[in-house]
Amino acid sequence: MARHPETDAIRTQTERTAEKEHSTPLFLTSSFVYDTAEDMGAAFADDSLDVNIYSRFSNPTVDEFISKICILEKAEDGIATGTGMAAVFATFMTFLSKGDHIISASAVFGSTHTILTKYLPKWGIDYSYFNMNEPDVIESLIRPETRILYVETPSNPGLDIIDIKFLAVICKKHNILLVVDNCFATPAVQQPILFGADLVIHSATKFIDGQGRVLGGVVVGRKELIQPMYLFVRNTGPSMSPFNAWVLTKSLETLFLRMERHADSALKISQALTGHPEISWVKYPFLPSHPQYDIAKKQMTNGGGIVTFDLKGGVGAGRKFLNNLKMLSMTNNLGDSRSIASHPASTTHSKLTEAERQEVGITPGLIRISIGLEHPDDILEDIIQALVFHAASA
Ligand SMILES: Cc1ncc(COP(=O)(O)O)c(C=O)c1O
């Protein structure tokens, strides 16, 4: 019988050293030594040789983290980076050249939007956006020079969901790479490669760390796609630190357990908030009212840990809600053991125009809650008491 992924997330480990350690060791070293000048010469002669040279190129602790993500995502190989954005940027830089074109969902993380709209055009790379709720237009955007189709599903912060299998069919037909940012779901909930994605990206900073400590990124896929990415990272240097890799590989031991608890609580809280008089709608992938509920059920094993809702009182109510919170943290991170509230219209997305915010589903009163691992009743109680606006402004 094949081993379960929950077990692999715990039992995949760097070969035990002569010290006989139980928990995985941390190889906090910049470089590696050779027994002979000939060995050293051989290590440098062949880029594809499986030998450690320098931690910008490879490191056993980083390799352990990559191996685990590959097993969980059903991927052949991967690279790790210092942040999620470095993973996104390394992907674009490896597969896009001057004159190329990329198609992306418009509902993508803010810094990804900045790379697509501000940096890529500087180097002669064009982009087209599509609305996640109108996937039928994608094929009409394809040009002979289109190389990548890029999506986040679920998206940040709008929680839009798109059918990965549907996208994979289009990409195969037109010989385009399908790249999926799987940060919100994690491999414990969704494995895009099983539905035909070519490359899967994560900001490991979020649920993969799970405790808001370190930043990291990872990209996994077929060997022939990862090899040029490895050379890009090795030569340009956005590599993951071994210390961060050690924190993240230990975090993966509890990923499945954590995601189950995040999702159980998120479903319970989203159900309890539905119909609240101060709220116009609640969005959660596993609520039947979610516009893409059927797709979510098909490609995700649970709804993940993020819930959004819209306050009837708009921007003013959003600010008041944050100020009223007693336990939930007011911070822009997500995927932490501590529940977090954010109000995109007055913070992360305040520089966008109203029309741009609308295009990506950010209403003035949108609140994003990253449901933590506290008791769900305590999280809900804090949210409910923060929805009493007249008391706070008295
Ligand atoms: C969906 C998504 N992708 C990428 C990133 C970027 O990750 P990092 O902050 O690790 O660079 C984030 C960060 O919030 C994100 O939410």
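It should be noted that the structure appears before, not after, this text.
Residues numbered from 1 in each chain as written. Predicted model: local features only at pLDDT ≥ 70, side-chain atom pairs only at ≥ 80, totals over all residues. Heavy atoms only, no water.

Chemist: Teacher, can you tell me more about the overall build of the protein chain here?
Modeler: Each helix and strand in the protein chain was counted, giving 15 helices and 12 strands. For the protein chain, whose C-alpha radius of gyration is 22 Å, the value lies close to the compact-globule estimate of 21 Å for 394 residues. Expressed as lengths along the three principal axes of its C-alpha atoms, the size of the protein chain is roughly 75 × 55 × 40 Å. Buried residues in the protein chain amount to 54% of all 394 residues. Within the protein chain, contacts between residues at least 6 apart in sequence are counted, and of these 72% link residues at least 24 apart. (Helix = DSSP H or I, 4+ residues; strand = E, 2+ residues; numbered from the N terminus. Rg over C-alpha atoms; globule rule 2.2 N^0.38 Å. Buried < 20%, exposed > 50% of the residue type's maximum accessible area, 1.4 Å probe, protein only. Contact = heavy atoms within 4.5 Å.)

Chemist: It is not clear to me how helix H8 (residues 223-236) should be interpreted in this structure. Could you clarify?
Modeler: Residues that lie three or four places apart on an α-helix share one face, since the helix turns once every 3.6 residues. Its 14 residues give H8 an end-to-end C-alpha distance of 20 Å, which sits within 8% of 20 Å, the value for a rise of 1.5 Å per residue. Within the span of H8, buried status applies to Leu225, Ile226, Met229, Tyr230, Phe232, Val233 and Arg234. Of the surrounding elements, those touching the buried residues of H8 are strand S1 (77-81), helix H4 (84-95), strand S5 (177-181), strand S6 (199-203) and strand S7 (217-221). The first or second residue beyond H8 is glycine 237, which carries a positive phi of 90°. (Expected span 1.5 Å × (residues − 1).)

Chemist: Explain helix H9 (residues 242-252) to me, please; I cannot follow it from the model alone.
Modeler: Within H9, 8 of the 11 residues are buried, which leaves it mostly tucked inside the rest of the structure. Turning to H9, its buried residues are Pro242, Asn244, Ala245, Val247, Leu248, Thr249, Ser251 and Leu252. Buried residues in H9 make contact with helix H1 (5-11), helix H3 (60-73) and helix H10 (255-273). By the N-cap criterion, in which a side-chain oxygen at the helix start approaches the backbone nitrogen of a residue two or three places on, H9 is capped by serine 241, the distance to phenylalanine 243 being 3.2 Å. (Polar contact = N/O pair within 3.5 Å; in protein donor to acceptor, adjacent residues only side chain to side chain.)

Spatial relationships are all this shows, so hold off on functional conclusions.
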